[in-house]
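For reference, the chains in residue letters:
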Amino acid sequence: MSDWLSPEEWTAVRLSLIVATTAMLASLPLGLAVAWLLARGRFWGKSILDAIVHLPLIMPPVVTGYLLLIWFGRRGPVGQLLYDWFGIVLSFRWTGAVLASAVMGFPLMVRAIRLSIEAVDRKLEDAAGTLGANRAWVFLVVTLPLCLPGILVGMILCFAKAMGEFGATITFVSNIPGETQTLPSAIYTFTQVPNGDAGAMRLTLISIAISVAALFVSEWLARLVGRRISVE
Amino acid sequence: MSPVLEVAVQHRLGQFALDAAFSSDGRLTALFGRSGSGKTSLVNIIGGLIAPTQGRVVVDGQVLVDTHAGVLVPKHRRRIGYVFQEARLFPHLSVRQNLLFGHWFAPRAAKASSDLAGVLELLGIGHLLERRPGALSGGEKQRVAIGRALLSKPRLLLMDEPLASLDEARKAEILPYIERLRDEAGVPIVYVSHSVAEVARLATTLVTVDQGRVTACGPMASVMSQLDIAGISGAAEAGSIFEARVAGHDDAYSLTSLETAAGTFQVARSGLPVGARTRVRILASDVLISLGAPVGVSALNILPGTIAEIGQRHAGGAVELLIDCGGEKLLARLTAKSVDGLSLAKGRAVHAVIKSVSIDTP
């Protein structure tokens, strides 16, 4: 395998997997919380929150990347705070690539989880309450397991989106080999140099393989969970 | 001693106003009324699924709701079991996990390790333990739901039309289990129903609800007869219920004699052993009235009595009468023409000719 791919190409593949996995896991807690608020919450500004969550889905990715650069760059209002207080730098680092792809994948994750929370039968939660479970327990042992298929779907969608994210990433953190050059950026670089076709094709095949694998894993998990939660 | 259950609540739901008060000491208190009369809202208030606009709910001496004192115990702390119309089993858990769900949350002092075995035996669901709820029949689901509620060690068990979504065969399968529950489990039950047959068979105390108000409350037999005379229970199903004891069997004619306070009845041969207790139910439309002792009549069951009450004439021309037979009240339905023709009046001695008698079968 190592003969087939150059070290730089391997680095891009590994970095993409790390960035996408981190983005997926890091946005899960917030994604669950926001999906819960949108599905069950009744508060002023709910539609505004809904719109903000969905913005990255409808805006051009370059715009999202540029806004991230303005806010989260070293001189940006949020970026400056992060650096001064925690010493965290996002711009032109792999962590910035994680942020960019997480923001882009977030609406997809929230949508899937929100739909599955809305599909949970509230009557089952009432029944659990009469059996002595308080709200936290009801959430943990009834609501959460029942929307597990939706959570899995949301995670896979977020992962897939993060694997393919290009515009926001390249705008926010550029295209630095070994630091921020993910698979799509590497493919793009290959298309910009003479005789890069073979490299581009190799990475394209790998990209397809990862996407198909993610799809199969999600199907398999959904079936596994779906069998346990047979609808009454 | 304070009653097991005391309710006095007011609640407003859009156009519908609930204003109900009753108390009960019965082992099985039936809340009876048409659909939409507010029965389910009432049990939801007792169970803590709805907070009433105003009022008080006391179970077993503990105040669960008192809007004046600002008391509203959340549903998970009430220890009131609830069996819903649809079983509401958790689809992601096995039958065993469903059964033990509430048991796990029950206070340690209340539960014993033998609880599960006892409930499995009581409800006949031992063979279902490892199945998933999706693989159960409607009747089995409902029995598991009852077991799940019982294992949460409730102080009171609410059952909201638990048989309504089942067909006749499944109902017949579950009724005996509910009877055993009433007699053996030691948990008072509030049972919501709009079926006269279910109430007649199960209730010890009857509370009738109409348009959000309690119209009657008391021991089953006496409330039932008031109900029928008022024409509330519905044209087709009005009738009387007597407690009975199997006195003997006549194998030559395949008959069983039943002793009641109203007199002895002969019914088709029953499988019940001599001495067994049951209830007989006589539909008002199956009773004829004769002024003298009838002769040459094929009916086996004829009871002497006096007319205790004559009801209002219904729109259809029928009139209901209560006949006092040895202290028990027998309901009869006649046409207004017969009542006038025989010049029936309160206090008049008559004979009731009963065309058919149905008994509870185990």
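Just so we're clear, the structure is a prediction, and the values are computed from it rather than from any experiment.

Parameters at a glance
Residues numbered from 1 in each chain as written. Chains lettered and ligands numbered in written order. Predicted model: local features only at pLDDT ≥ 70, side-chain atom pairs only at ≥ 80, totals over all residues. Helix = DSSP H or I, 4+ residues; strand = E, 2+ residues; numbered from the N terminus. Rg over C-alpha atoms; globule rule 2.2 N^0.38 Å. Buried ≥ 20, exposed ≤ 12 C-beta atoms within 10 Å, placed from the backbone. Contact = placed C-beta atoms within 7 Å. Pairing = 2+ DSSP bridges. Axes fitted to C-alpha atoms, helices over the stretch in contact; angles between N-to-C directions. Nonpolar A, V, L, I, M, F, W, Y, C, P; charged D, E, K, R; others polar. Core = buried A, V, L, I, M, F, W, Y, C linked by C-beta atoms within 7 Å.

Undergrad: Could you give me a rundown of the overall build of chain B, with the residues and numbers involved?
TA: A tally of regular secondary structure across chain B gives eight helices and 21 strands. Computed over the C-alpha atoms, the radius of gyration of chain B is 22 Å, within 12% of the 21 Å expected from 2.2 N^0.38 for a compact globule of 362 residues. Split into buried and exposed, the 362 residues of chain B put 43% on the buried side. Considering only residue pairs separated by 6 or more positions, chain B has 67% of its internal contacts joining residues 24 or more positions apart.

Undergrad: A description of the sheet that holds strand 17 (residues 301-313) of chain B should follow, citing residues and the corresponding values.
TA: Residues and elements named next belong to chain B. Spatially, 16-20-17-18-19 is the arrangement adopted by the five strands of the open sheet, whose pairing is antiparallel. Both edges of this open sheet fall to strand 16 (287-290) and strand 19 (328-335), since each of them pairs with a single strand only. Averaged over all adjacent pairs, the angle separating strand axes in this sheet is 45°, with direction ignored.

Undergrad: Give me the pairing of strand 7 (residues 80-83) of chain B: which residues, what numbers.
TA: All names here are of chain B. Residues Ile80 and Tyr82 point to one face of strand 7 and Gly81 and Val83 to the other, with burial holding for every one of them. Here strand 7 runs beside strand 8 (residues 156-160); their pairing, made up of four bridges, is parallel. When the bridges of strand 8 are listed, Val83 appears paired with Met159.

Undergrad: So what's going on with the interface of chain B and chain A? Which residues, and what values?
TA: Listed per partner, the contact involves 22 residues of chain B and 18 residues of chain A. Put simply, the parts of the chain that give the side of chain B that touches chain A at least two residues each are strand 7 and helix 2 (95-105) of chain B. Counted by class, the side of chain B that touches chain A contains 11 nonpolar, seven polar and four charged residues.

Undergrad: Let's hear about the sheet that holds strand 12 (residues 239-250) of chain B: which residues, and what values?
TA: All names here are of chain B. Strands sit in the order 14-13-12-15-21 across an open sheet of five strands; the sheet is antiparallel. Of all the strands in the sheet, the pair left with one neighbour each is strand 14 (263-268) and strand 21 (358-359). Direction of pairing for strand 12 relative to strand 15 (residues 277-283): antiparallel, over a ladder of seven bridges. Bridging from a neighbouring strand, Glu243 pairs with Arg279 of strand 15.

Undergrad: So, the nonpolar core: which residues are in play, and what are the values?
TA: A general trend in soluble globular proteins is that nonpolar side chains are found buried together. Counting 144 residues, the largest nonpolar core has Ala30, Leu158, Leu330, Ala332 and Ala352 of chain B as the members making the most contacts within it. A total of 14 residues in this core trace back to one element, the largest contributor, which is helix 5 (residues 94-119) of chain A. If we ignore the near neighbours within four places in the chain, the residues touching Ala352 of chain B are Val287, Ile289, Ile302, Leu303, Gly305, Ile323, Cys325, Leu330 and Ala332 of chain B.

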